[in-house]
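Chain and residue survey
Letter by letter, the chains look like this.
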Amino acid sequence: MSRTYLGAGAAVVLAALFAVGATVAAANGGDGDGGSAASRAPSLYSADAGFARDMAVHHQQAVEMSFIVRDRTKDEAVRGLAYDIANTQANQRGMLLGWLDLWGLPKVVADEPPMSWMGSDDGHDMGGHGMGGHDMGGATTKPGALMPGMATKEELERLGSAEGREAEVLYLQLMTDHHKGGVAMAQGCASQCATPAERKLAEGMVAAQRSELTLMADMLAQRGAAPRG
């Protein structure tokens, strides 16, 4: 294993530890002062709730792509990375949805556009007005995709029909885009979310996904490819 891969693995473990601690903290009221979580539950359109809803959807696609590529290649490095990403993001997704249940908030809001929680400086009660001036770190929302970095239906179909090196390269490129969007979203929560436990989880996501971005760039180079522009 390369030093980069070991570093990425450590970041995944760190993110998982953040996640466990965050769940316990949220169940105990979020900031450890003994108050009830319900008394401080975020509002429907808050950054806390919006991030939980959007990142749950974002994570679900990463899990889906990771399971697809595990069936399309025998390369152990790619399969190992896919396994780590699927495990970590499935666990985090469960926590995000669990927080929504804890707060008594729905997992889907019909009149809430994706990413609307990033549309104001404080992130609270903005009612869905777009992403404002927030820096998305170069991540864009492609036509046919829900959120920054997410793959389109056509790209998922391509991944599902590719094999071997072609599948590896496409997965690494799609997941690179996906992580760039995920990092930007997590940074938004780290600066806007009011729940300390959720901010801590978001910070763990940023650290883990940045490490995996470095790893994926190296893996693409080993296969004579590069991240997409």
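Calculation criteria
Residues numbered from 1 in each chain as written. Predicted model: local features only at pLDDT ≥ 70, side-chain atom pairs only at ≥ 80, totals over all residues. Heavy atoms only, no water. Helix = DSSP H or I, 4+ residues; strand = E, 2+ residues; numbered from the N terminus. Buried < 20%, exposed > 50% of the residue type's maximum accessible area, 1.4 Å probe, protein only. Areas by Shrake-Rupley, 256 points an atom, 1.4 Å probe, with all protein chains shown as cover. Contact = heavy atoms within 4.5 Å. Core = buried A, V, L, I, M, F, W, Y, C linked by side-chain atoms within 4.5 Å. Phe/Tyr/Trp six-rings, centres within 6.5 Å; stacked < 30°, edge-to-face > 60°. Expected span 1.5 Å × (residues − 1). Lys, Arg positive; Asp, Glu negative; His and termini not counted. Salt bridge = Lys/Arg side-chain N within 4 Å of Asp/Glu carboxyl O. Polar contact = N/O pair within 3.5 Å; in protein donor to acceptor, adjacent residues only side chain to side chain.

**As for the overall build of the protein**
Scanning the protein for helices and strands turns up six helices and zero strands. For the protein, the sequential pattern of α-helices and β-strands runs α-α-α-α-α-α. The buried share of the protein, reckoned over its 229 residues, is 49%. Carbon and sulfur atoms make up 55% of the accessible area of the protein, which amounts to about 10200 Å² in all.

**So, the side chain of Thr 152**
In this structure, Thr 152 sits in the loop between helix H3 (76–103) and helix H4 (153–161). Every residue in contact with Thr 152, bar those within four places of it in the chain, is listed here: Lys 142, Pro 143, Gly 144 and Ala 145.

**A short note on the nonpolar core**
Counting 50 residues, the largest nonpolar core has Phe 51, Met 65, Leu 81, Leu 96 and Tyr 171 as its most contacted members. Elements supplying a minimum of two residues to this core: helix H2 (47–70), H3, H4, helix H5 (164–192) and helix H6 (196–222). Leave out the neighbours within four places in its chain, and Phe 51 touches Ala 56, Leu 96, Trp 117, Met 185, Ala 186, Cys 189, Cys 193, Glu 198, Ala 202 and Met 205.

**Overview of the packing of aromatic side chains**
Enumeration according to the criterion identifies two aromatic pairs in this entry. Ring centres of Phe 51 and Trp 117 lie 5.6 Å apart, and the angle between their planes is 80 degrees; on these two criteria the pair is classed as edge-to-face. Here Phe 51, found in helix H2, pairs with Trp 117, found in the loop between H3 and H4; they are 66 residues apart in sequence, far enough to count as distant. Across the pair, exposure class does not vary: Phe 51 and Trp 117 are buried alike. Judged by centre distance (6.2 Å) and plane angle (15 degrees), the rings of Trp 99 and Trp 103 are stacked. Residue Trp 99 and its partner Trp 103 are both found in helix H3; the two are separated by four residues, about one turn of the helix. Like Trp 103, Trp 99 is buried.

**Here we look at H2**
An α-helix turns once every 3.6 residues. As a result, residues three or four positions apart point the same way. For H2, which comprises 24 residues, the first-to-last C-alpha distance of 34 Å matches the rise-based estimate of 34 Å (1.5 Å per residue) to within 8%. With 18 of 24 residues buried, H2 lies mostly within the body of the structure.

**Structural notes on the side chain of Asp 48**
Among the secondary structure elements, Asp 48 is positioned in helix H2. Salt bridges are absent for the buried Asp 48, whose nearest opposite-charge side chain, Arg 199, sits at 6.4 Å. At a separation of 2.9 Å, a polar atom in the side chain of Asp 48 contacts the main-chain amide nitrogen of Ala 194.

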